[in-house]
Structure formats: C-alpha cells, structure tokens
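# Architecture and fold: a report
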Amino acid sequence: DHLIAVTKQWYQRRVRAGEEFMVSGSDDFTMFLWSPASSDKPLCRMTGHQQIINQVMFSPNGRRIASASFDKSVKVWDGRTGKYISTLRGHVKAVYQVSWSADNKLLVSGSADSTVKVWCMKTFALLQDLAGHADEVYTVDWSPCGSRVVSGGKDRVLKLWRS
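A brief report on the enclosed structure follows. These numbers were taken from a predicted model, which means no experiment stands behind them.

### Overview of the overall build of the chain
Summing up its helical and strand segments, the chain has one helix and 14 strands in all. A compact globule built from 163 residues should have a C-alpha radius of gyration of about 15 Å, and the chain, at 16 Å, falls within 12% of that. Overall size of the chain, expressed as C-alpha extent along the three principal axes, is 45 × 40 × 30 Å. Within the chain, the proportion of its 163 residues that are buried is 42%. Residue pairs in contact within the chain that sit at least 24 positions apart in sequence constitute 34% of those at least 6 positions apart. For the chain, the computed accessible surface area is about 9100 Å², with 53% contributed by carbon and sulfur atoms. Counting 22 positive and 15 negative side-chain charges, the chain places the averaged centre of each group 5 Å from the other.

### Some details on the sheet that holds strand E3 (residues 44-46)
The strand order across the open sheet built from three strands is E1-E2-E3, with neighbouring strands paired in antiparallel fashion. In the strand order of this sheet, the two ends are held by strand E1 (22-25) and E3, each with one partner. This sheet shows a mean twist of 25 degrees between the axes of neighbouring strands, independent of strand direction.

### Structural notes on the pairing of strand E8 (residues 95-100)
For a regular strand, side-chain orientation follows a simple rule: the groups alternate between the two sheet faces. For E8, the buried fraction is high: six of the six residues fall into the buried class. Judged from the five bridges that link them, E8 and strand E9 (residues 106-111) form a sheet pairing that is antiparallel. Counted as the bridge partner of Val95 is Ser111 from E9. Hairpin geometry of E8 and E9 is characterised by an intervening segment of five residues between the two adjacent antiparallel strands and by a positive phi of about 70 degrees at Asn104.

### Digging into the side chain of Ser35
Mapping Ser35 onto the fold places it in the loop between strand E2 (31-34) and E3. Residue Ser35 is classed as buried on the basis of its relative accessible area, which comes to 4%. In this structure the side chain of Ser35 is engaged in a polar contact, spanning 2.9 Å, whose partner is the side chain of Ser38.

### Structural notes on the side chain of His91
Relative to the elements of secondary structure, His91 occurs in the loop between strand E7 (84-89) and E8. For His91, a relative accessible area of 6% puts it in the buried group. In this structure the side chain of His91 is engaged in a polar contact, spanning 3.1 Å, whose partner is the side chain of Asp113. Among the polar contacts listed, one links the side chain of His91 to the side chain of Thr115, at a separation of 3.3 Å. In contact with His91, other than residues within four places in its own chain, are Lys72, Ser109, Gly110, Ser111, Asp113, Thr115, Lys117 and Trp119.

### Structural notes on the environment of Pro144
Here Pro144 lies in the loop between strand E12 (137-142) and strand E13 (148-153). Counting along the chain gives 43 residues from Pro144 to Ser101, while the straight-line C-alpha distance between them is 8.3 Å.

### Details of unusual backbone geometry
The phi angle at Phe124 is positive, at roughly 65 degrees, despite the residue not being glycine. Mapped onto the elements of the fold, Phe124 is located in the loop between strand E10 (115-120) and strand E11 (126-131). A positive phi angle is found at Arg156, which is not glycine, with a value near 65 degrees. Relative to the elements of secondary structure, Arg156 occurs in the loop between E13 and strand E14 (158-162).

### What to know about the pairing of E11
In the sheet, E10 pairs with E11 via five bridges, with the strands oriented antiparallel. Residue Trp119 lies in a different strand from E11, and its bridge partner there is Leu126. Hairpin connection between E10 and E11: a loop of five residues separates the two successive antiparallel strands, and Phe124 in this loop has a positive phi of roughly 65 degrees.

Cut-off values and rules
Residues numbered from 1 in each chain as written. Predicted model: local features only at pLDDT ≥ 70, side-chain atom pairs only at ≥ 80, totals over all residues. Heavy atoms only, no water. Helix = DSSP H or I, 4+ residues; strand = E, 2+ residues; numbered from the N terminus. Rg over C-alpha atoms; globule rule 2.2 N^0.38 Å. Buried < 20%, exposed > 50% of the residue type's maximum accessible area, 1.4 Å probe, protein only. Contact = heavy atoms within 4.5 Å. Areas by Shrake-Rupley, 256 points an atom, 1.4 Å probe, with all protein chains shown as cover. Lys, Arg positive; Asp, Glu negative; His and termini not counted. Charge placed at Lys NZ, Arg CZ, Asp CG, Glu CD. Pairing = 2+ DSSP bridges. Axes fitted to C-alpha atoms, helices over the stretch in contact; angles between N-to-C directions. Polar contact = N/O pair within 3.5 Å; in protein donor to acceptor, adjacent residues only side chain to side chain.

These figures capture arrangement, not role.
Pasting the structure below:
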C-alpha cells in the first residue's frame, strides 16, 4: 500500500509539472513521443528500426525509452526529447520484449534466438548472455529487488536468473 501511495504521488507531481509522456511503437518501424497533457500532436517521430517494433518501455525514472524490434536490436532513446542514444546488438533473431531494472541501470531483453541478455545502461555493453531456453523467449521481467530476472517462452518454461 505504501509503494502504491508513493507511486501515485510521484505520478501526480509529474502530471502537474507537465512531465507526463507517452511513447508509441508501430508496425511501420517508427515510434512517436507524446505529451498528452500539452498537445494532441506528437512531440517527435523516432526512426531507426528496420522492422516492426514489438515493444516500447520507459525506464522507471522516465529519462530513457527502450524499444525492441524484429530487426534483432534494442534501441535506447531519450525519454524527454525522443533523441536516439544507442543500439544494443547481440541477438540474432527478433527481440520480443525488454524490461528495465528498478534502479534504471540495467535492461534485460528476450528474443526469438532463445536467449535473455542483460545490458548495462551506462556503457550500453552486454553484461550477461543467458542461454538456457529451448525455444523463443517471449517475456522478461525483473524481481522488485533487482537481483533476479524471470523469463518465459515458447518452450513453456519459466526461468529465474540471478544477476
């Protein structure tokens, strides 16, 4: 209950300050950054992916956006301006999902190549390549404490990884 109350207060402060942002990803390989409280038009169009975008996600502090794509990459963007920051390469098939660690320092990605990868958001380097699924990895997420990653996929197995 306390965590929900704190999160609500944080969100309400951001909305009052005009800092509420939204991002959309599309099958036309583009993304749009929006500020719904201030305009019904997008702030910017974000391009760079070469295939369909599967997922977009803000970091917990809202400063960055990660996008996962069928083009085998994860891209990182500025969460306020939409400016491109970096491309994370390492997957050899489509990337289905990403998830930020609670402290914004790490990003995990799951792919059709059956791997889970953990990336450092300071250097944009691959920290861990977690192989162990027998087929495509559809979902990834962090434990609340940030010490574990969970992944699940087509092999019908949930794996719990310690970072």
